[in-house]
Amino acid sequence: MSDDFDTFVESLQNQIFDETKEAFGEAGFQRWRKPLYRGRLKNPDVHARITGKCGDTMEIFLTFENDRIKEASYITDGCGSSTVCGSFATEMAIGKNPDEISAITGEAVLKRIGRFPKEDEHCAFLVAETLQEALKLYFENYAKNIKNMKG
Ligand code: FES
């Protein structure tokens, strides 16, 4: 590779990094580079999947222990903004009980990230909706199991 090409690639990468930092702030930028909690959990207690109006899909995986979320993860085929939101929302969910999870709204996720592109705010609402769906499915399964136990 020529030095010119390397310099070009490096300056392009720096430009993308600068723009991303500007869009998400430092904390969001770090998540964008290293999206913590991304991936499938091996044996989730519950898994929810929602496709947003934008056509992108968010999936959330949760395990519970003593009525609190023990592990949480997400995957998405969406944009960088949805990755940042998925990472923060799952982090916010870990260790929480159902009441506290209900408080993880799109607004709460945006507040936690701090800075976020206005035009992508719907990504935060998609991840919050998916998290709430996971909670709903968890309780539905729980109720079904109790019913089955009673016969
Ligand atoms: Fe669709 Fe971000 S989730 S644009």
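Structural data are supplied above this passage.
Residues numbered from 1 in each chain as written. Predicted model: local features only at pLDDT ≥ 70, side-chain atom pairs only at ≥ 80, totals over all residues. Heavy atoms only, no water.

Here we look at the overall build of the chain
Reasoning step 1: Looking only at helices and strands, the chain features five helices and three strands.
Reasoning step 2: Starting at the N terminus and ending at the C terminus, the chain contains elements arranged as α-β-β-β-α-α-α-α.
Reasoning step 3: Across its three principal directions, the C-alpha atoms of the chain cover 75 × 30 × 30 Å.
Reasoning step 4: Every one of the 151 residues in the chain was classed for burial, and the buried ones make up 39%.
Reasoning step 5: Intrachain contacts of the chain at a sequence separation of at least 6 include 57% that bridge at least 24 residues.
Reasoning step 6: Looking at the chain as shown, the accessible area adds up to about 9,100 Å², and 49% of this sits on carbon and sulfur atoms. (Helix = DSSP H or I, 4+ residues; strand = E, 2+ residues; numbered from the N terminus. Buried < 20%, exposed > 50% of the residue type's maximum accessible area, 1.4 Å probe, protein only. Contact = heavy atoms within 4.5 Å. Areas by Shrake-Rupley, 256 points an atom, 1.4 Å probe, with all protein chains shown as cover.)

Re the packing of aromatic side chains
Reasoning step 1: Applying the stated criterion across every chain, the model contains seven aromatic pairs.
Reasoning step 2: Arranged with centres 5.7 Å apart and planes meeting at 65 degrees, the rings of tyrosine 138 and phenylalanine 139 form a pair that is edge-to-face.
Reasoning step 3: With relative accessibility at 15%, the residue tyrosine 138 sits in the buried group.
Reasoning step 4: According to the relative accessible area criterion, phenylalanine 139 is partly exposed, its value standing at 37%.
Reasoning step 5: Taken together, the aromatic side chains of Phe64, Tyr138, Phe139 and Tyr142 make up a single cluster linked through ring pairs.
Reasoning step 6: Above the plane of the ring of phenylalanine 88 lies arginine 31, whose end atom (NZ or CZ) is 4.3 Å from the centre. (Phe/Tyr/Trp six-rings, centres within 6.5 Å; stacked < 30°, edge-to-face > 60°. Lys NZ or Arg CZ within 6 Å of the ring centre and 35° of its normal.)

Focus on the pattern of salt bridges
Reasoning step 1: The tally for this structure, following the rule as stated, stands at seven salt bridges.
Reasoning step 2: With a shortest N-O distance of 3.4 Å, glutamate 121 and lysine 118 are connected by a salt bridge.
Reasoning step 3: Across the pair lysine 136 and glutamate 133 runs a salt bridge whose closest N-O atoms are separated by 3.6 Å. Residue lysine 136 and its partner glutamate 133 are both found in helix α5 (residues 121–150); the two are separated by three residues, about one turn of the helix.
Reasoning step 4: A single salt-bridge network, built from bridges that share partners, covers Arg31, Glu91 and Arg112. (Salt bridge = Lys/Arg side-chain N within 4 Å of Asp/Glu carboxyl O.)

Interpretation in functional terms is not warranted from these geometric data alone.
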